[in-house]
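Overview (structure and organization)
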Number of protein chains: 2
Amino acid sequence: MRVLLATRNAGKIEELRQILAEAAPEIELVGLDAVADYPETPETELTFAGNALLKARDGVKHTGLATIADDSGLAVDALNGMPGVLSARWAGSEKDDAANNALLLDQLADVPDGLRGAKFVCAAAIVWPDGRELVVHGEMRGTVGRGPKGANGFGYDPLFTPDGFDRTSAEISAAEKNAISHRGKAFRELASGI
Amino acid sequence: MRVLLATRNAGKIEELRQILAEAAPEIELVGLDAVADYPETPETELTFAGNALLKARDGVKHTGLATIADDSGLAVDALNGMPGVLSARWAGSEKDDAANNALLLDQLADVPDGLRGAKFVCAAAIVWPDGRELVVHGEMRGTVGRGPKGANGFGYDPLFTPDGFDRTSAEISAAEKNAISHRGKAFRELASGI
């Protein structure tokens, strides 16, 4: 069975492909780069699950394939769970990871060490052509530091130290991260439900 | 009785002075500009009440006078109540009202009209030299627009239309605003409790 993963992120595709190879080997995963003229899905919902479902429904609509999509971000305790769904555009729609990280550090400048808890959250959805839908969540808890460390990963990884680690999620390997990450957890749970 | 209002904002002092003239005419209100060498109180708490109390306790400590202080900000529904206590430094500690407004508008760019609710919140505290403390809250609900309008007020006023109005809180007069504002409500309740 061919299943679309509604992303152009090669890292996500490879990660899900490895997970599915064990959990559901009959599935052949394809990414958006294999689909011609695929339109961007605006992420207009206020929840991760809402955005994941938007993207997965669009995939079914445009390809007829069962479609998996995810939405994820960093929920900071001292910011009441924000940046949340706005993680990728926290410093503004024209900004990048560096600007998002700098803004977050500045906003948290006066927040003491004991109150810098946060979690990465991922919602992963699959929508089938017959209309069935499944959404699952994965989380990775940790703390937000006071400056960037490490060159792996992307987004807020250089600021985030997962609980139980003394390195940021930009300092651990992709394999270590996938084993504990919000997206790894969500993708594994989704794979077990396919 | 002399009471300190722990602020250098002349508008706040005048507003509270007018309220106290009716509610507690025996009180003579003084601002921080009347106190020599008064140190800045860092607003390090994660709640409005916490910051108001920090500032009021500092006033008692440095002057021996009963001290009133307030902390206020804008709590946006779609941002889980943020910018909240970070309202004045949302775009960073070196930024100003214009940068804060621009960032908020950018973060809310994809939030539809029906989900742009928000409230201004004020916590006002009084601390007496004998250690008694009182904290009250006032709120003003409304919606966040898509661009600045009006030249009155400060902070997020140009973006915020109070419920029941068709003008932003930067387009209504100071008297109109004080009658409905979060700070006006909190100061009146505090005055009734003195």
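Residues numbered from 1 in each chain as written. Chains lettered and ligands numbered in written order. Predicted model: local features only at pLDDT ≥ 70, side-chain atom pairs only at ≥ 80, totals over all residues. Heavy atoms only, no water.

Heads up, the condition is: UniProt positions are given in the numbering used here, feature names are shortened, and annotations may be inferred rather than shown by experiment.
Under the annotation held in an unreviewed UniProt entry, chain A carries the name dITP/XTP pyrophosphatase and is attributed to Glycomyces lechevalierae. Check the Sequence similarities (unreviewed entry) section of the UniProt entry for chain A; it says "Belongs to the HAM1 NTPase family." On record in UniProt, under Subunit (unreviewed entry), the comment for chain A is "Homodimer."

**Some details on the UniProt feature "active site" (unreviewed entry) in chain A**
So the rule is basically this: Working rule for contacts: check all heavy atoms of both residues, and any pair within 4.5 Å makes them a contact.
The UniProt record marks Asp71(A) with the feature "active site" (unreviewed entry), using the residue numbering of this structure. Filtering out sequence-adjacent residues up to four positions away, Asp71(A) remains in contact with Glu43(A), Thr47(A), Phe48(A), Asn51(A), Ala52(A), Lys55(A), Val85(A), Val121(A), Cys122(A) and Ala123(A).

**As for the pairing of strand β5 (residues 133–144) of chain B**
All names here are of chain B. Using the following cut-off: Note on pairing: DSSP must find at least two bridges between two strands before they are called paired. Helix and strand definitions follow DSSP, with helices as H or I runs of at least four residues and strands as E runs of at least two, each counted in order from the N terminus.
Note: strand β4 (residues 117–127) against β5, 11 bridges, orientation antiparallel. From the neighbouring strand, alanine 124 faces β5, where its bridge partner is valine 136. Taken together, β4 and the strand that follows it, β5, pair antiparallel across an intervening segment of 5 residues, in which glycine 131 is found at a positive phi of about 100 degrees. Here 3 bridges tie β5 to strand β6 (residues 160–162), and the two strands are oriented antiparallel to one another.

**Focus: the sheet that holds strand β4 (residues 117–127) of chain A**
Residue and element names in this part refer to chain A. Formally: A fitted line through C-alpha atoms represents every axis, and for helices the fit uses only the stretch in contact; the resulting angles, taken between N-to-C directions, go from 0 to 180 degrees.
The sheet built from 6 strands is open, its strands ordered β2-β1-β3-β4-β5-β6 with mixed pairing. Where the open sheet ends on each side, the last strands, each with one partner, are β2 (28–31) and β6 (160–162). Taking the axes of each pair of neighbouring strands and ignoring which way they run, one obtains an average angle of 35 degrees across the sheet. Set on the sheet, helix α1 (residues 10–23) makes contact with β1 (2–5), β2 and β3 (66–76); between it and β2 the angle comes to about 170 degrees. Strands β1, β3, β4 and β5 (133–144) of the sheet are contacted by helix α2 (residues 48–63), whose axis makes an angle of about 160 degrees with β3.

**Quick look at the pattern of salt bridges**
Heads up, the condition is: Salt bridges are counted wherever a side-chain nitrogen of Lys or Arg sits within 4 Å of a carboxyl oxygen of Asp or Glu. The classification of residues rests on relative accessible area computed with a 1.4 Å probe and restricted to protein chains. Under 20% of the type maximum is buried, over 50% is exposed, and intermediate values are partly exposed.
Evaluation of the coordinates by the stated rule reveals 26 salt bridges over all chains. Note that Arg89(B) is salt-bridged to Asp110(A), the shortest N-O span being 2.6 Å. You can see Arg89(B) sitting in the loop between β3 (66–76) and α3 (97–107) and its partner Asp110(A) sitting in the loop between α3 (97–107) and β4, one on each of two chains. Under the relative-accessibility criterion, Asp110(A) is labelled partly exposed at 40%. Across the salt bridge formed by Arg8(B) and Asp33(B), the nearest N and O atoms sit 3.1 Å from each other. Taken as a pair, Arg8(B) in the loop between β1 (2–5) and α1 (10–23) and Asp33(B) in the loop between β2 (28–31) and α2 (48–63) lie far apart in primary sequence, 25 residues in all. Given a relative accessible area of 59%, Asp33(B) falls into the exposed group. Put simply, Lys12(A), Asp70(A) and Arg183(A) are held in one network by salt bridges that share partners.

**Section: the environment of Asp37(B)**
Residues and elements named next belong to chain B. Looking at where aspartate 37 falls in the secondary structure, it is placed in the loop between β2 and α2. For aspartate 37, a relative accessible area of 78% gives the class exposed. In this structure the C-alpha to C-alpha distance between aspartate 37 and histidine 62, which are 25 residues apart in sequence, comes to 9.5 Å.

**Observations concerning helix α5 (residues 182–193) of chain A**
Because an α-helix packs 3.6 residues into every turn, residues spaced three or four apart end up facing the same way. The following threshold applies: Between the first and last residue of a helix there are one fewer steps than residues, each counted as 1.5 Å, and that sum is the expected span.
The terminal C-alpha atoms of α5(A), which comprises 12 residues, lie 17 Å apart, in line with the 16 Å expected from a rise of 1.5 Å per residue. Here α5(A) has its buried residues at His182(A), Arg183(A), Gly184(A), Ala186(A), Phe187(A), Leu190(A) and Ala191(A).

**A word on unusual backbone geometry**
All names here are of chain A. In this chain, methionine 82 is followed by proline 83 through a cis amide linkage whose omega measures 5 degrees. For proline 83, the location among the structural elements is in the loop between β3 and α3. The backbone phi angle of aspartate 37 is positive, close to 55 degrees, even though this residue is not glycine. Positive phi, normally seen in glycine, also occurs at asparagine 80, with a value near 55 degrees. Mapped onto the elements, asparagine 80 comes out in the loop between β3 and α3. What makes asparagine 80 partly exposed here is its relative accessible area of 40%.

**Regarding the packing of α1(B) against helix α5 (residues 182–193) of chain B**
Residue and element names in this part refer to chain B. Selection rule: The scheme is simple: roughly parallel for angles under 35 degrees, roughly antiparallel for over 145, roughly perpendicular for 65 to 115, oblique for anything else. Handedness of a helix crossing follows the sense of rotation of the near helix relative to the far helix, less than a right angle counterclockwise being left-handed and clockwise being right-handed. Under the scheme applied here, ten amino acids are nonpolar (Ala, Val, Leu, Ile, Met, Phe, Trp, Tyr, Cys and Pro), four are charged (Asp, Glu, Lys and Arg), and all others, including Gly, are polar.
Axis separation between α1 and α5 bottoms out at 10 Å; the angle between their running directions is 40 degrees. Judged by the angle between their axes, α1 and α5 are oblique. As for the relative orientation of α1 and α5, their crossing is right-handed in sense. Along its contact with α1, which presents Lys12, Glu15, Leu16, Ile19, Leu20 and Ala23, the element α5 presents Arg183, Gly184, Phe187, Arg188 and Ala191. Classifying every residue of the contact of α1 with α5 by side-chain character gives 6 nonpolar, 1 polar and 4 charged.

**Digging into the nonpolar core**
The line we're drawing: Here, the term nonpolar core denotes a set of buried Ala, Val, Leu, Ile, Met, Phe, Trp, Tyr and Cys residues that are joined through side-chain atoms within 4.5 Å.
In terms of nonpolar packing, the biggest core is built from 73 residues, with Leu79(A) and Leu79(B) touching the most fellow members. With residues near it in sequence (within four places) discarded, Leu79(B) still touches Met82(A), Leu86(A), Trp90(A), Trp90(B), Leu104(B), Gln107(B) and Leu108(B).

**Describing the pairing of β4(B)**
Residue and element names in this part refer to chain B. Of all 11 residues that make up β4, 10 are buried, and the element is covered over most of its length. Two strands pair when backbone bridges link them, and β3 and β4 are joined in this way by 10 bridges, in the antiparallel orientation. Residue pairing in the sheet places aspartate 70 in a bridge with alanine 124 of β4.

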